[in-house]
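These are the residues of each chain, in order.
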Amino acid sequence: MSFFENAIKQINEAAEIMKLDKDIVTILSHPKRILTVTMPVRMDNGEVKVFEGFRVQHNDIPGPYKGGIRYHQQVDMDEVKALATLMTMKCAVVGIPLGGGKGGIIVNPKELSKRELEQLTRKYVERIEAFIGPEIDVPAPDVNTTPEIMAWIADEYSKLKRKNQLGVVTGKPLEVGGSQGRGDATSQGGCYVLEEFAKERNVDPSKTSIIIQGFGNAGAHMARILSGQGYKIVGVSDSQGGLYCEAGLDVAKISACKAEQGSVTKCDSICTNGKVVDNEGLLASQCDILILAAFENQVREDNANNIKAKYILELANGPITPEADKILAGKGVEIIPDILANAGGVTVSYFELVQNQMNYYWTAEEVQQKLHPIMVDAWKRLSEYQKKYSCTLRQAAFVSAMTRLEKMIKARGIE
Ligand code: GLU
């Protein structure tokens, strides 16, 4: 089953539970607009190479389309459609006035020079210019896209429009109209949700061990915040493999070592009896909470049974397939789903857009003061739906999102 089919399956399951109007299901099962573009780029060796990219606009009933752009050699249209659909659901779960979109370019950015990457990014903006804008569709960072790339997008779009339009994209550096707190917003939001979850399930951080798959932006920040709260981080991983340390890892040391050595797998000396494991080995290692902060489709039918964690938090988008979801539910593993757990990122993106439009900026404290209640309230709604329908948290999240979307779609009229 493809990633997009998985997303539709999740919509259908929740629709069944809440007895959602069939028309709403039909509308939410189809992205409103799908763009495919090609960008010729003159490479440093003088040759012209053509790259392919996408932008999928799933739904803009609540507000402008919103969602990141990923640069990856395996990006495809199906994936971008799925991610755009999840963005609509995510924004509705936290109740921010934005719809869902997603973009992608088929490229391994590590193989491009900075000049080539900038050319590619600027060409992509030129191609989709007519379809994006602060009131139309607002991209953001995703896998392999950085604040610097967002600055190029804001600059190129502003040039094309002949006026400053910084709100065309979020996740920008502070000096280009970025928001305080955007860099670690995904992890911070995930931590606020985990805090509420832990209270309801009587989880004591000082007695709880955590493995984090993916030590990129989101995973590394999450490790830092959680270890500060007293949780024991026993495993981390990156694209080259994982490191497991039963005694607990010093997160500052592991971050410094990864920055220096390039991978956590080269850092076993920072922990007594540290074990270097492969990705599957890490997922199957002993821990209380597993945080998935890497890619989609990491826990599947073939490896779901190996999971030992009692709880999973999805910081990545779509890391567990529906088949694996069933297996994990059967084992009593509870999952805090992506569309809630990682919604802190898009929520602070929303704050960034608002600040750009006002041209007035908030302090880091103000951002946290606004983010915290949004995440807590979203969790409370989910928790209530979970009890009301005796369903999983993922089903409750889709129910919560679609309850909101149904009202909006009907208020505006379907025809
Ligand atoms: N790419 C992030 C996500 O999947 C952030 C999107 C945004 O900030 O618009 O939620």
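These figures come from a predicted structure and were not determined experimentally.

Cut-offs used in this document
Residues numbered from 1 in each chain as written. Predicted model: local features only at pLDDT ≥ 70, side-chain atom pairs only at ≥ 80, totals over all residues. Heavy atoms only, no water. Helix = DSSP H or I, 4+ residues; strand = E, 2+ residues; numbered from the N terminus. Rg over C-alpha atoms; globule rule 2.2 N^0.38 Å. Buried < 20%, exposed > 50% of the residue type's maximum accessible area, 1.4 Å probe, protein only. Contact = heavy atoms within 4.5 Å. Areas by Shrake-Rupley, 256 points an atom, 1.4 Å probe, with all protein chains shown as cover. Lys, Arg positive; Asp, Glu negative; His and termini not counted. Charge placed at Lys NZ, Arg CZ, Asp CG, Glu CD. Expected span 1.5 Å × (residues − 1). Salt bridge = Lys/Arg side-chain N within 4 Å of Asp/Glu carboxyl O. Disulfide = S-S within 2.5 Å. 1 Å grid on protein atoms, 1.4 Å probe; cavity = no way out; pocket = protein on both sides within 12 Å on 5 of 7 lines; lining within 4 Å. Points joined across faces, edges and corners; volume = space filled by probe spheres on them. Nonpolar A, V, L, I, M, F, W, Y, C, P; charged D, E, K, R; others polar.

A. Structural context of the overall build of the protein chain. The secondary structure content of the protein chain amounts to 14 helices and 12 strands. At 21 Å, the protein chain has a C-alpha radius of gyration in line with the 22 Å of a compact globule built from 415 residues. Projected onto its principal axes, the C-alpha positions of the protein chain cover 55 × 55 × 45 Å. Counting all 415 residues of the protein chain, 58% fall into the buried class. Counted over contacts in the protein chain with a minimum sequence separation of 6, partners at least 24 positions apart contribute 69%. For the protein chain, the accessible surface area stands at approximately 16,900 Å², while carbon and sulfur atoms represent 49% of it. Across the protein chain, the 49 positively charged side chains and the 52 negatively charged ones have centroids separated by 3 Å.

B. Focus on unusual backbone geometry. Even without being glycine, Asn144 reaches a positive phi, approximately 65°. Assignment of secondary structure puts Asn144 in the loop between β5 (137-141) and α5 (147-161). For Asn273, which is not glycine, the phi torsion reads 60° and is therefore positive. You can see Asn273 is positioned in the loop between α8 (251-261) and β9 (275-277).

C. Fine view of helix α4 (residues 114-128). Under the 1.5 Å per step criterion, the end-to-end length of α4 is 21 Å for 15 residues, consistent within 8% with the ideal 21 Å. Where α4 is buried, its residues meet β1 (33-42), β2 (48-59), β3 (65-72), β4 (100-106) and α5.

D. View of the pattern of salt bridges. Enumeration according to the criterion identifies 30 salt bridges in this entry. Ionic pairing is found between Arg70 and Glu79, a salt bridge with its closest N-O pair at 2.7 Å. The buried category is assigned to Glu79, whose relative accessible area is 9%. Linking Asp204 and Lys207 is a salt bridge whose minimum nitrogen-to-oxygen distance equals 3.4 Å. According to the relative accessible area criterion, Asp204 is partly exposed, its value standing at 32%.

E. View of the state of the cysteines. In total, this model carries 2 disulfides according to the counting rule given. One disulfide in the model links Cys245 with Cys271; its S-S distance is 1.8 Å. An S-S torsion of about 95° defines the bridge between Cys245 and Cys271 as right-handed. Of this pair, Cys245 sits in the loop between β8 (241-244) and α8 while Cys271 is found in the loop between α8 and β9, placing the two residues 26 residues apart along the sequence. Classification of Cys245 by relative accessible area gives buried; the value is 0%. For Cys257, the disulfide goes to Cys267, at an S-S distance of 2.0 Å. One disulfide, between Cys257 and Cys267, carries an S-S torsion of -95° and so falls in the left-handed class. Taken together, the residues Cys257 in helix α8 and Cys267 in the loop between α8 and β9 connect sequence positions 10 residues apart. Judged by relative accessible area, which is 0%, Cys267 ranks as buried.

F. Structural detail: the environment of Thr38. Along the chain, Thr38 falls in strand β1. Among residues more than four places away in sequence, those in contact with Thr38 are Val50, Phe51, Glu52 and Arg127.

G. Quick look at the layout of surface pockets. Roughly 250 Å³ of volume is contained in the second largest pocket. As for the second largest pocket, its lining consists of 14 residues, of which Asp325, Ala329, Ile335, Thr392 and Gln395 are closest to the centre. Where the lining of the second largest pocket is concerned, the elements lending two or more residues are α1 (3-18), α10 (322-330), β12 (334-336) and α14 (393-412). Here the lining of the second largest pocket takes 4 residues from α10, the largest share from any one element. Considered class by class, the residues forming the lining of the second largest pocket number 5 nonpolar, 4 polar and 5 charged.

By themselves these figures say nothing about function.
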